[in-house]
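Secondary and tertiary structure notes
Residue-level listing of the chains:
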Amino acid sequence: MKKIKIGVLTFHRCINYGAFMQCYSLINRLKQDFPQAYVEVIDYSQRRLQFNYTTDRREYLFGTQDYPYTWRQKMTHFLLYLRNPKSLRELERLKQAFEKNRSCLPLSEYQIISDGEEELLKEIKGRYDIVIVGSDCVWEFLTYAFPNPYFLNRDLGAEKFSYAASSDRMYFPNITKEQVRYIDQAMSDMRYLGVRDCATENFLLSVNPDLNLRHNCDPTLFLDLERIPVKMGRLEEKLINRGIDLTKPVIGIMGDDNIGNLVWDLFHGQYQVVALYTRIKKCDCFLEGLTPFEWSRVFSFFSITFTRYFHGTILSLKNGVPTITLDPWKMEDETHKTKIKDLYDRLGLEGHYYVKRKFYSKREKQEIAKYTIKFMNKPDKRKIQKAIEKEAESYQDFYKELKKVIEDGQKDK
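The present account deals with the structure reproduced in this document.

Overview of helix α10 (residues 257-267)
Counting buried positions along α10 yields 9 of 11 residues, so the element is predominantly enclosed. Within α10, the full set of buried residues consists of Asp 257, Asn 258, Ile 259, Gly 260, Leu 262, Val 263, Trp 264, Leu 266 and Phe 267. On the buried face of α10, the contacting elements are α4 (71-83), β8 (250-254), β9 (272-276), β11 (304-307), β12 (323-327) and α14 (362-377). A side-chain oxygen of the first residue of α10 lies 3.2 Å from the backbone nitrogen of Asn 258; this N-cap is Asp 256. At the exit of α10 stands Gly 269, carrying a positive phi of roughly 95°.

Right under this line is the structure:
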């Protein structure tokens, strides 16, 4: 019996821990649940995105002929570089760390790096029986060009699914009539429309109120941490070699100097403060160059995590570590809830969520300190675990529909 071929289109080449791990988790779950199918990641990335990761100093400061900078962009990059001259070397080490783990993804034999949609959609037409787009913010086009291949708005000769796709910060009143027509056509042609958050639901229902939308959890919520190929002993050595005393409480930070200042002012001298991913001025240690697999498990060495990131929140909670998330985005209105607020509302974890501010009042600082000490002294691990398990159940709706299509396809073959 010929195997059904599934192609997954997502953000696997971002130098972004969460984007990589959501791809890894979804791919491995599909391979586990459907061993009778052949599953691969469609090796696509936008040229503009890859240019954002340039480590060439001249290109970073001045742009290129293909991607010229405005004077404002040049000044912004110059000031960022002046603030941290090591930034390009750090980015290079981070890129190398991601390459170490990317070999664990079943990538397609072809690779396409293009800003448009035509080249990729032409390439994948007829190659797959099923194409799955998602997870993550694949339908956001504030950062990415519109239209892009993630809408799959072509006849591909395949059944089209979306899994936990998100439009993130897209707000319906801000898009054009032409964009509405394009999105409506793309969504109406999907066999299964799985979305991650209520903002995406409301956005798409504003495009077409008759769309049949299903809620799916982010794939990192069902990630099996014990099966990630990372040596915990070696990871522990990395922390110790950086001067971290693991016999004492450690606070992890993923964010910016604003969050670093808050944590440092509240807890410096009482606890060790370790920054991940981005360099923060006020911390005891910046743990740079972690691979995505190492990053997904390093949270287990913390007593609590402060983060501004969606996947940083999930992976910290998955490791059983209490997490304070400071949400950097504002809601447009009650129909456009941020992805982090949506996540916490679904998990029902009171006291873990705050809106990120440039300055916090004395009362706000006292409240954050109170919950931090409470979670460190008496972690609500059982509540966190149950909440994650319940949200992870939303994968089953997608699984049932995909299973039906695969079984029907095998009968036809």
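A few points about the sheet that holds strand β4 (residues 130-133)
Strands sit in the order β3-β2-β1-β4-β5-β6-β7 across an open sheet of 7 strands; the sheet is parallel. Of all the strands in the sheet, the pair left with one neighbour each is β3 (107-113) and β7 (213-215). The sheet shows a mean angle of 25° between the axes of neighbouring strands, direction not considered. Both strand β1 (residues 4-9) and β4 contribute to a ladder of 4 bridges, which runs parallel. Bridge pairing links Gly 7 to Val 131 in β4.

Describing the packing of aromatic side chains
Tallied over the entire structure, the rule returns 33 aromatic pairs. Ring geometry for Phe 151 against Tyr 182: centres 5.9 Å apart, planes inclined by 90°, an arrangement best described as edge-to-face. On the criterion of sequence distance, the pair formed by Phe 151 in the loop between β4 and β5 (159-165) and Tyr 182 in helix α7 (residues 177-188) is long-range, its members being 31 residues apart. Of the residues examined, Tyr 182 reaches a relative accessible area of 14% and is grouped as buried. Relative to Phe 302, the ring of Phe 299 has its centre 6.1 Å away and its plane inclined at 85°; by these criteria the two rings are edge-to-face. Across the pair, Phe 302 and Phe 299 agree in class, each one buried.

Topic: empty space enclosed by the protein
For the structure on display, the rule yields 1 cavity of 30 Å³ or more. Taken as a whole, the largest cavity spans an internal volume of roughly 60 Å³. Forming the boundary of the largest cavity are Arg 196, Asp 197, His 215, Cys 217, Asp 218, Leu 221, Phe 310, Lys 339, Asp 342, Leu 343, Arg 346 and Glu 391. Tallying contributions element by element places helix α13 (residues 339-347) first for the lining of the largest cavity, with 4 residues.

Brief notes about the nonpolar core
Within soluble globular proteins, side chains that are nonpolar generally end up buried alongside one another. Formed by 109 residues in total, the largest nonpolar core has its most connected members in Leu 30, Ile 132, Trp 139, Met 187 and Val 298. Broken down by element, this core gets its largest block of residues, 9 residues, from helix α1 (residues 17-33). Formed by 25 residues, the second largest nonpolar core is a distinct cluster that contains Tyr 271, Phe 306, Leu 326 and Tyr 371.

Focus on the sheet that holds strand β13 (residues 353-355)
Across the sheet, which stays open at both edges, the 6 strands sit in the order β10-β9-β8-β11-β12-β13 with parallel pairing between neighbours. Looking at which strands have only one partner, the edges of the open sheet turn out to be β10 (285-287) and β13. Ignoring strand direction, the axes of neighbouring strands in this sheet form an average angle of 20°. For β8 and β11, the ladder comprises 4 bridges, and the chain directions are parallel. The residue bridging Gly 252 from the neighbouring strand is Thr 305, located in β11. Packing of α10 onto the sheet brings it into contact with β8, β9, β11 and β12, and relative to β8 it is tilted by some 165°. Docked against the sheet, α14 engages β8, β11, β12 and β13, running at close to 145° with respect to β11.

Thresholds applied
Positions within a chain are numbered from 1, following the residues in the order the chain's sequence is written. Owing to the predicted nature of the model, reporting of local features is limited to residues with pLDDT of at least 70; listing and counting of side-chain atom pairs is limited to 80 or more, with chain, interface and lining totals taken over all residues. Side-chain calculation: all heavy atoms of the structure are included, whereas hydrogens and water are not. Three labels apply to residues, based on accessible area from a 1.4 Å probe with only protein chains included: buried if under 20% of the type maximum, exposed if over 50%, partly exposed otherwise in between. Helix and strand assignments come from DSSP, with helices taken as H or I runs of at least 4 residues and strands as E runs of at least 2, each series counted from the N terminus. Should any heavy atoms of two residues lie within 4.5 Å, those residues are considered in contact. Under the rule applied, a polar contact is a pair of N or O atoms within 3.5 Å (in protein, one hydrogen donor and one hydrogen acceptor; residues adjacent in sequence only if both atoms are side-chain atoms). Pairing between two strands is assigned when DSSP locates at least 2 bridges connecting them. Interaxial angles span 0 to 180 degrees and are taken between N-to-C directions of axes, which are lines fitted to C-alpha atoms, for helices over the stretch in contact. Here a Phe, Tyr or Trp ring, Trp counted by its six-membered ring, pairs with any other such ring whose centre lies within 6.5 Å, and the pair is stacked when the planes are under 30 degrees apart, edge-to-face when over 60, and tilted otherwise. Computed over the protein atoms alone on a 1 Å grid, cavities are sets of points where a 1.4 Å probe fits but cannot get out and pockets are open sets with protein on both sides within 12 Å along at least five of seven lines; a residue lines them when it has an atom within 4 Å of a point. Grid points are joined across faces, edges and corners, and a volume is the space filled by probe spheres set on the points. Nonpolar cores were defined as sets of buried Ala, Val, Leu, Ile, Met, Phe, Trp, Tyr and Cys residues, with membership established by side-chain atoms within 4.5 Å.

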